[in-house]
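# Reading the structure
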Amino acid sequence: MNALPLRADVPEPRHVVAEALTPEAFAPFGDVIAARDDVRRFAINGGNTMRYHDLAKIDPGPDGHAIVSIFRGEPRTLPFPVEMMERHPLGSQAFVPMSGRPYLVVVAPAGDPPAAEDLRVFLARGDQGINYARGVWHHPLLALDAVCDFVVIDRAGNGHNCDEITLDEVVLIEPPR
Ligand SMILES: NC(=O)N[C@@H](O)C(=O)O
Ligand code: NI
């Protein structure tokens, strides 16, 4: 029996494997929130506590204010098809994991709507948070392995603060090799 012909009008998805999240690689998109030895840190509370200071530029925009929420994300299944991206043009958005599990971060630079080839896919550790700078394109929360909670710091205020686009090609995130 002959194999079914592939539909000519549906492009083959772009297959990617996530890269490790590092502050340097993520710098074009925002901040990595983590207790690292290369950040400004100092002992407080009589030496009982180390303060890792001022790790992310929380930006609620000129007429917004920062709010703190918890997102409880259901785990995604790999391979995962990235078909859409969103951005928050009026403010930044930070995710700090509370469940200690890794998660995926998919981003593209702020500005014109990205093509599939413009996407960067990162695997964040459970002790790394991220802060999307204002207008940075990203995929909504991508928890892995189990239901995971994240502290989310983003903007409340007037105005439309979420633009969504459909990608020109599907980006299929493969399991780590
Ligand atoms: N809708 C919503 O607040 N979540 C997204 O912004 C997201 O990045 O997960
Ligand atoms: Ni978002």
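In this report, we go over the structure that sits alongside the text. All chains use their own residue numbering, which begins from 1 and follows the written sequence. For this description, chains carry letters from A and ligands carry numbers from 1, given in the order in which they are written. Where totals are concerned, whole chains, interfaces and linings use all residues; where local detail is concerned, this predicted model gives features only for residues with pLDDT of at least 70, and gives and counts side-chain atom pairs only at 80 or more. Derived side-chain values reflect all non-hydrogen atoms in the structure, with water molecules and hydrogen atoms excluded from consideration.

## Observations concerning the overall build of the protein
On a plain count of helices and strands, the protein comes out with one helix and 15 strands. Taken over 177 residues, the protein has a buried fraction of 38%. Restricting the contact set of the protein to residue pairs at least 6 apart, pairs at least 24 apart contribute 82%. In short, Shrake-Rupley with a 1.4 Å probe defines the accessible areas, and a residue's cover is counted only from the protein chains shown. Working note: accessible area of the protein is about 10,000 Å², and carbon and sulfur atoms make up 53% of it. When the 16 positive and 25 negative side-chain charges of the protein are each reduced to one mean point, those points stand 6 Å apart. The numbering of helices and of strands both runs from the N terminus, where a helix is a DSSP run of H or I of at least 4 residues and a strand a run of E of at least 2. Burial here depends on accessible area, computed with a 1.4 Å probe over protein chains only, as a share of the maximum for the residue type. Under 20% is buried, over 50% is exposed, and the range in between is partly exposed. Residue contacts follow a heavy-atom distance rule, with two residues in contact if any of their heavy atoms lie within 4.5 Å. Asp and Glu count as negative and Lys and Arg as positive, but His and the ends of the chain are not part of the count. Note that the charge is assigned to NZ on lysines, CZ on arginines, CG on aspartates and CD on glutamates.

## So, the coordination of the nickel ion (ligand 2)
Octahedral metal centres with six donors ideally show angles of 90 or 180 degrees, and tetrahedral centres with four donors ideally show 109.5 degrees. Keep in mind that water is not among the atoms, so a site may look incomplete; donors are the N, O and S atoms within 2.8 Å of the metal, or 3.2 Å for Na, K and Ca. Within the first shell, the nickel ion (ligand 2) binds the protein through Glu 86 (OE), His 88 (NE2), Gln 93 (OE1) and His 138 (NE2), at distances of 2.1 to 2.2 Å. A four-donor site is classed as tetrahedral when every donor-metal-donor angle falls between 85 and 135 degrees; four donors are called square planar, and six octahedral, when trans pairs exceed 155 degrees and all remaining angles lie between 65 and 115, with any other arrangement labelled irregular. If you look at the nickel ion (ligand 2), its six donor atoms make angles of 78 to 178° with each other, and the shape they trace is octahedral. Counting gaps between the donor residues of the nickel ion (ligand 2) yields the pattern E-x1-H-x4-Q-x44-H. For His 88, a relative accessible area of 10% puts it in the buried group.

## Structural notes on the sheet that holds strand β6 (residues 64–73)
For sheets, the rule is that strands pair by backbone hydrogen bonds, running either parallel or antiparallel. Two strands pair if DSSP finds at least two bridges between them. Across the sheet, five strands lie side by side as β3-β11-β8-β14-β6; this open sheet has antiparallel pairing. The open sheet has two free edges, formed respectively by β3 (30–33) and β6, since each of these has just one partner strand. Between one strand axis and the next, the sheet turns through 15° on average, direction left out of account. Pairing analysis gives four bridges linking β3 to strand β11 (residues 129–132), with the strands arranged antiparallel. Opposite Val 32, over in β11, you have Ile 130 as the bridge partner. Axis angles are defined between N-to-C directions and span 0 to 180 degrees, where every axis is a line fitted to C-alpha atoms and, for a helix, only to the segment in contact.

## Remarks on the pairing of strand β10 (residues 120–124)
Across two bridges, strand β2 (residues 19–20) lies against β10 in parallel orientation. Counted as the bridge partner of Ala 20 is Leu 123 from β10. Where strand β9 (residues 103–108) meets β10, five bridges bridge the pair, whose relative direction is antiparallel. Residue pairing across strands places Val 105 opposite Phe 122, the latter belonging to β10.

## Points about the site of ligand 1
Throughout, the term near means that a residue has one or more heavy atoms lying within 4 Å of the molecule or strand in question. Close to ligand 1 lie Phe 71, Glu 86, His 88, Gln 93, Phe 95, His 138, Pro 140 and Leu 141. Two N or O atoms count as a polar contact when they lie within 3.5 Å, although within protein this holds only if one can serve as hydrogen donor and the other as acceptor, and sequence-adjacent residues are included solely when both atoms are side-chain atoms. Contact distances for ligand 1 include 2.9 Å between an oxygen atom and a side-chain N or O atom of His 88. Taking Gln 93, its side chain carries an N or O atom lying 2.9 Å from an oxygen atom of ligand 1. Relative to its unbound accessible area of 270 Å², ligand 1 is 70% covered by the protein chains. Polar here means any residue other than Ala, Val, Leu, Ile, Met, Phe, Trp, Tyr, Cys and Pro, which are nonpolar, and Asp, Glu, Lys and Arg, which are charged; Gly is therefore polar. A breakdown of the residues in the shell around ligand 1 according to their chemical character gives four nonpolar, three polar and one charged.

## Here we look at the environment of Val 121
As for its position among the elements, Val 121 is in strand β10. For Val 121, a relative accessible area of 7% puts it in the buried group. Spatially, the C-alpha atom of Val 121 lies 6.6 Å from that of Val 107, the residues being 14 residues apart in sequence. Aside from chain neighbours lying at most four places away, what touches Val 121 is Val 16, Ala 18, Glu 19, Leu 104, Val 105, Val 106 and Ile 173.

Everything listed is a geometric property; what it means functionally is a separate question.
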